[in-house]
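Listed below, chain by chain, are the residues.
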Amino acid sequence: LDPLAPDLLASLLARYCPDLPQDEQQALAQLSDGSIGDAIALADSGGLELYQTVVKLLGTLDKPDIQGMHALGDSISRAGQQASDRFATLRHLMGQWLARLVIAGARAEAPPEIVPGEGRISAQFLARAPLEQWLEVWEKVTGLMARAESANLDRKQTIVSAFLTMAALHQGDRTPAR
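Cut-offs and rules
Residues numbered from 1 in each chain as written. Predicted model: local features only at pLDDT ≥ 70, side-chain atom pairs only at ≥ 80, totals over all residues. Heavy atoms only, no water. Helix = DSSP H or I, 4+ residues; strand = E, 2+ residues; numbered from the N terminus. Buried < 20%, exposed > 50% of the residue type's maximum accessible area, 1.4 Å probe, protein only. Polar contact = N/O pair within 3.5 Å; in protein donor to acceptor, adjacent residues only side chain to side chain. Contact = heavy atoms within 4.5 Å. Core = buried A, V, L, I, M, F, W, Y, C linked by side-chain atoms within 4.5 Å. Salt bridge = Lys/Arg side-chain N within 4 Å of Asp/Glu carboxyl O.

Novice: Break down the side chain of glutamine 96 for me, with residues and values.
Specialist: As for its placement among the helices and strands, glutamine 96 is situated in helix 6 (residues 81–107). Taking the relative accessible area as the measure of exposure, glutamine 96 reaches 8% and is therefore buried. Engagement of the side chain of glutamine 96 in a polar contact is seen with the side chain of aspartate 33, the distance being 3.0 Å. In contact with glutamine 96, other than residues within four places in its own chain, are Leu31 and Asp33.

See the structure below:
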């Protein structure tokens, strides 16, 4: 089956999650890759708030908000199934953000603005380094997070390392750490 259109997803979210504001329904529709099940799961798990936090931290990479990265890592790395689910959600959202950045750069388009300010942040990223280097960062960050999840590595350190990898390239280091 083809993914559902964002407008259809938003109308389904209005039916199944009527308490969500319309702007959150639209954002969840875009984040869910055409799946109403994923959109509802993101709504139920605080996925949009997590995404907003990620985008906010990405906007600070000129002068990285280390305290914010650690706070995010602390909120994700607590023991238990909920923390594991939140790390999986974070892993998906960060990989998805970088993938949209690379795709938009390859198409010479502006990435979609799912949350306010995201378009400006994405444009800054694309202006700072060549597209192939952002692709390398996507590979490194998604691989790092996958290994952390599968091998039960320190999630907080993984999150901080992922942001610092992006910050290094964003600040002009043309060779992202391996």
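Resuming the write-up.
Novice: Quick one: what's the story with the nonpolar core, residue by residue and with numbers?
Specialist: Of all hydrophobic cores here, the largest spans 45 residues; its most connected members are Leu58, Leu90, Trp97, Phe125, Phe163 and Met166. Secondary-structure elements contributing two or more residues to this core are helix 2 (22–31), helix 3 (36–45), helix 4 (47–58), helix 5 (66–77), helix 6, helix 7 (118–128), helix 8 (131–150) and helix 9 (155–170). For phenylalanine 163, the contacting residues outside a window of four places in its chain are Val54, Leu57, Leu58, Leu61, Met69, Leu72 and Met94.

Novice: Residue-level account of the pattern of salt bridges, with values.
Specialist: The full count for this structure, using the stated rule, is four salt bridges. Ionic pairing is found between lysine 156 and aspartate 74, a salt bridge with its closest N-O pair at 2.9 Å. Of this pair, lysine 156 sits in helix 9 while aspartate 74 is found in helix 5, placing the two residues 82 residues apart along the sequence. Residue lysine 156 is classed as partly exposed on the basis of its relative accessible area of 23%. Judged by its relative accessible area of 34%, aspartate 74 is partly exposed. Across the pair glutamate 118 and arginine 100 runs a salt bridge, and its minimum N-O distance is 3.7 Å.

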